[in-house]
Amino acid sequence: MIEFFDKIETTTIDRILTAHDKRDATIALNDLAMSHHGKERFGDAKMLYKLAISIFNNIASKDDLDYLNMTRSISNLATIYEHRRKYNHAEILYRWVLEIYKEPLEPIHIAQSCHNLAKIYEMQHKTHDAIKMYKREVCIRKRILGLNHISTVQTIENLGNICVRRNLYSDAIPLYVDMAMICDAMLEQEDLLTATAWDNLAALYNRQGNHRVAASFHRKALTI
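Keep in mind that what you see is a predicted model, and the values were worked out from it rather than measured.

**Q** Please provide a residue-by-residue account of the packing of aromatic side chains, values included.
**A** Tallied over the entire structure, the rule returns two aromatic pairs. Each ring, one from W198 and one from F217, has its centre 5.4 Å from the other, and the planes form 25 degrees; the classification is stacked. With W198 in helix 10 (residues 191-207) and F217 in helix 11 (residues 211-222), this residue pair connects regions lying 19 residues apart in the sequence. Both residues of the pair, W198 and F217, count as buried.

**Q** Run through the packing of helix 10 against helix 11, naming residues and quoting values.
**A** At a minimum axis distance of 8 Å, the contact between helix 10 and helix 11 shows a crossing angle of 165 degrees. One element, helix 10, and the other, helix 11, form an angle in the roughly antiparallel class. Read as a crossing pair, helix 10 and helix 11 show a hand that is left-handed. Each of A195, W198, D199, L201, A202, Y205 and N206 in helix 10 lies in contact with helix 11, whose residues at this interface are H211, V213, A214, F217, H218, K220 and A221. Its residues assigned to classes, the contact of helix 10 with helix 11 shows nine nonpolar, three polar and two charged.

**Q** Break down the environment of E99 for me, with residues and values.
**A** Structurally, E99 is set in helix 5 (residues 87-100). It is 9.4 Å that separates the C-alpha atoms of E99 and I110, two residues lying 11 residues apart in sequence.

**Q** Help me get a handle on helix 9 (residues 169-185), residues and values and all.
**A** For helix 9, with 17 residues, the first-to-last C-alpha span of 24 Å sits near the 24 Å given by 1.5 Å per residue. For helix 9, the set of buried residues is Y169, A172, I173, L175, Y176, M179, A180, I182 and C183. Packed against the buried residues of helix 9 are helix 8 (150-165) and helix 10.

**Q** Give me the lowdown on a nonpolar patch on the surface, citing residues and values where you can.
**A** A surface patch of nonpolar side chains, amounting to about 210 Å² of accessible area, comprises I108, I144 and L145. With respect to the secondary-structure elements, I108 resides in helix 6 (residues 107-123).

**Q** Lay out the side chain of K46 with the relevant residues and their values.
**A** When you line up the elements, K46 lands in helix 3 (residues 42-57). Salt bridges are absent for the buried K46, whose nearest opposite-charge side chain, D44, sits at 10 Å. Ignoring sequence-local partners within four residues, the contact set of K46 consists of L77, I80, Y81 and R84.

Basis of the calculations
Residues numbered from 1 in each chain as written. Predicted model: local features only at pLDDT ≥ 70, side-chain atom pairs only at ≥ 80, totals over all residues. Heavy atoms only, no water. Phe/Tyr/Trp six-rings, centres within 6.5 Å; stacked < 30°, edge-to-face > 60°. Helix = DSSP H or I, 4+ residues; strand = E, 2+ residues; numbered from the N terminus. Buried < 20%, exposed > 50% of the residue type's maximum accessible area, 1.4 Å probe, protein only. Axes fitted to C-alpha atoms, helices over the stretch in contact; angles between N-to-C directions. Parallel < 35°, antiparallel > 145°, perpendicular 65-115°, else oblique. Left-handed = near helix turned anticlockwise from the far one by under 90°. Contact = heavy atoms within 4.5 Å. Nonpolar A, V, L, I, M, F, W, Y, C, P; charged D, E, K, R; others polar. Expected span 1.5 Å × (residues − 1). Patch = residues over 30% accessible without salt bridge, like charges linked within 9 Å, V, L, I, M, F, W, Y side chains within 5 Å. Areas by Shrake-Rupley, 256 points an atom, 1.4 Å probe, with all protein chains shown as cover. Salt bridge = Lys/Arg side-chain N within 4 Å of Asp/Glu carboxyl O. Lys, Arg positive; Asp, Glu negative; His and termini not counted.

Pasting the structure below:
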């Protein structure tokens, strides 16, 4: 693996791999991988992420921080596969992350993992699984962040959007109504999001041929 890197980087990687503290080594490898990732050198980044994950996996007694660092490398590797449209590979990695996280300890990380997995399921046209993940994400964000948090509202919108794309209008309507009412309650804090919420409802009623109701929601969006 190491022969693919230039001389300076090979020396750096050798130094990391021979470090006494394997935890520090894996973090350094992940950071180096992220540097390559940011420069769109995806092949190099992928090899380094895999190396970091392999070492993490072989640490005998892992603590919560070890698992957190390991999941960061796995998630980063998954994004590379996602970028390359290798969704099956990305799905396996995101599912692994979800299995590692402990619900009482990392609820926000779990919510993000649910979001990542839902997107991958959408790409693979696994609608039922995507909806299930978005619903889990909504529940976690409601519990941790509250109903009026922008992240919770955006997740409700994501769930509504996938229902619309799959013609599940009866499921989408209450979600869009919830989104609109929550945004209204937030007053002027999120005007654009509030307008989007009412526009979503207008578009949905238009799809169903109820143009009078759609027009009223659209007018409401324009007044914001």
